[in-house]
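What follows is the residue order along each chain.
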Amino acid sequence: MLEICFDYTVYAQIKAMYSAQNSDMVEIAVCPDNLSIGALVPFTPQNRFNELVVHGIEVPDDFIKNYQRFFEMLNDVKKIRIWISNSPHELLGLYFISDFVYPQIQELCVCSMSYLPQRYNENCLSCLPNKDWQDLITYSKNILIENYSGLWQQMLKENTKLRIYLNRKIVSVSVNYFDKEIIAIAENLTTDDLYTIAGTALGSYIQRENVMFTIYFFIYRVEKLLHIN
């Protein structure tokens, strides 16, 4: 089984969990992309690299190579378990992976914070207490992926520059979706520090939707709107 997650903190947690069980024979893949940011079409590693960079996201030099390797792992896989929260880049990763492997694979296993009986102030896998990681497996679900493949096709058709978690679902929105809120925050604060403004705007969104999102996008929008360097 291929274990798939969306950041290296979660990768380390999964690795540690298996090591504690004296099980080192585990294959873990980290999806290299943040699919909430930038246009999706044409969907190629090079275009995704360009879209992330132009929207202020820090991208490693080996991004394209890692993406190609990720595709190879998906092509060879027979069973998949995905580790997610409600953060948009992780849910979108579920949609994308479902579409990539369907119909060769009909279902996959999902370990989601949404399935846990307890609720957390931060819906964030990397913030999950160590003692609760085994619960992600205990409460995991095998899901049919045809519908998730369809959701990814919808995202490709809409092909906006931004996708966010809003009212318990992923929606495509304009790249300027947060701009009015950013401007209002900037006017109310007594500082022109872009990191303070961006962090406040991000914090407001996180509090409303209880999801994580990259601060780099908010920094990009603050710089663009307020011409702060």
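Residues numbered from 1 in each chain as written. Predicted model: local features only at pLDDT ≥ 70, side-chain atom pairs only at ≥ 80, totals over all residues. Heavy atoms only, no water.

1. Topic: the confidence of the model for the protein chain
Parts of the model with low pLDDT should not have their predicted coordinates read in detail.
So, point 1. For the protein chain, the average pLDDT comes to 93, and 98% of its residues sit at 70 or higher.
So, point 2. Looking over the protein chain, one finds the lowest element-wise mean pLDDT in helix α1 (residues 8–20), namely 89, and the highest in helix α2 (residues 45–54), namely 98. (pLDDT = per-residue confidence, 0-100. Helix = DSSP H or I, 4+ residues; strand = E, 2+ residues; numbered from the N terminus.)

2. Some details on the environment of Ile57
So, point 1. Position of Ile57 relative to the elements: it lies in the loop between α2 and α3 (63–76).
So, point 2. Along the primary structure Ile57 and Phe217 are separated by 160 residues, whereas in three dimensions their C-alpha atoms are 6.4 Å apart.
So, point 3. When sequence neighbours within four positions are dropped, the list of residues in contact with Ile57 reads Ile37, Leu52, Thr214, Tyr216 and Phe217. (Contact = heavy atoms within 4.5 Å.)

3. A word on the packing of aromatic side chains
So, point 1. All chains considered together, the criterion is met by 21 aromatic pairs.
So, point 2. Cluster of aromatic residues (ring-pair linked, three or more members): Phe43, Phe49, Phe63, Tyr67, Phe71, Phe96, Phe100 and Trp152.
So, point 3. The residue whose ring lies beneath Lys141 is Tyr115, and the NZ or CZ to ring-centre distance is 4.4 Å. (Phe/Tyr/Trp six-rings, centres within 6.5 Å; stacked < 30°, edge-to-face > 60°. Lys NZ or Arg CZ within 6 Å of the ring centre and 35° of its normal.)

4. Notes on unusual backbone geometry
So, point 1. Cis geometry is adopted by the peptide bond preceding Pro42, which originates at Val41 and carries an omega value of -5 degrees.
So, point 2. Relative to the helices and strands, Pro42 resides in the loop between β2 (27–30) and α2.
So, point 3. A cis geometry characterises the amide bond from Tyr102 onward to Pro103, with omega recorded as 5 degrees.
So, point 4. Mapped onto the secondary structure, Pro103 falls in the loop between α4 (88–101) and β4 (107–112).
So, point 5. Phi is positive for Asn167, which is not a glycine, with a value near 55 degrees.

5. Description of the pattern of salt bridges
So, point 1. Taken as a whole and assessed by the stated rule, the structure comprises seven salt bridges.
So, point 2. Note that Glu51 and Lys161 form a salt bridge whose closest N and O atoms lie 3.7 Å from each other. Pair noted here: Glu51 is in helix α2 and Lys161 is in the loop between α6 (146–158) and β6 (162–166), with a separation of 110 residues, a long-range link.
So, point 3. Between Arg69 and Glu72 there is a salt bridge, with the nearest N and O atoms lying 3.6 Å from each other. One end of the pair, Arg69, and the other, Glu72, are both in helix α3, three residues apart, so they sit about a helical turn from each other. (Salt bridge = Lys/Arg side-chain N within 4 Å of Asp/Glu carboxyl O.)

6. Here we look at the environment of Asn34
So, point 1. Its place among the elements puts Asn34 in the loop between β2 and α2.
So, point 2. What makes Asn34 buried here is its relative accessible area of 14%.
So, point 3. Expressed as a C-alpha distance, the spacing of Asn34 and Pro88, which sit 54 residues apart in the sequence, is 8.7 Å.
So, point 4. Once you skip the residues sitting within four places of it in the chain, Asn34 turns out to touch Arg48, Leu52, His89 and Thr214. (Buried < 20%, exposed > 50% of the residue type's maximum accessible area, 1.4 Å probe, protein only.)

7. Structural notes on the layout of surface pockets
So, point 1. Estimates place the volume of the largest pocket at around 710 Å³.
So, point 2. Along the walls of the largest pocket sit 29 residues, with Phe6, Asp7, Tyr8, Asn34 and His89 positioned nearest its centre.
So, point 3. Looking at the lining of the largest pocket, its residues break down into 17 nonpolar, eight polar and four charged.
So, point 4. Quantified by volume, the second largest pocket comes out at close to 310 Å³.
So, point 5. Considering the residues around the second largest pocket, the lining is formed by 13 residues, among which Asn86, Ser114, Asn123, Tyr165 and Arg168 are closest to the centre.
So, point 6. Residues belonging to the lining of the second largest pocket are distributed by class as follows: three nonpolar, six polar and four charged. (1 Å grid on protein atoms, 1.4 Å probe; cavity = no way out; pocket = protein on both sides within 12 Å on 5 of 7 lines; lining within 4 Å. Points joined across faces, edges and corners; volume = space filled by probe spheres on them. Nonpolar A, V, L, I, M, F, W, Y, C, P; charged D, E, K, R; others polar.)

8. Here's the deal with α6
Residue pairs spaced three or four apart in an α-helix point in one direction, given the helix's 3.6 residues per turn.
So, point 1. Its 13 residues give α6 an end-to-end C-alpha distance of 19 Å, which sits within 8% of 18 Å, the value for a rise of 1.5 Å per residue.
So, point 2. Listed as buried for α6 are Ser149, Trp152, Met155 and Leu156. Within α6, the buried residues cover an arc of 110 degrees as seen down the axis, which keeps them to one side. Summarising the geometry of α6, the exposed residues directed more than 90 degrees from the buried face are Glu146, Asn147 and Lys157.
So, point 3. Each element contacted by the buried residues of α6 is listed here: α4, β6 and β7 (169–173).
So, point 4. Just downstream of α6, Asn159 is the residue with a positive phi angle, here 50 degrees. (Expected span 1.5 Å × (residues − 1). Arc of directions from axis to C-beta.)

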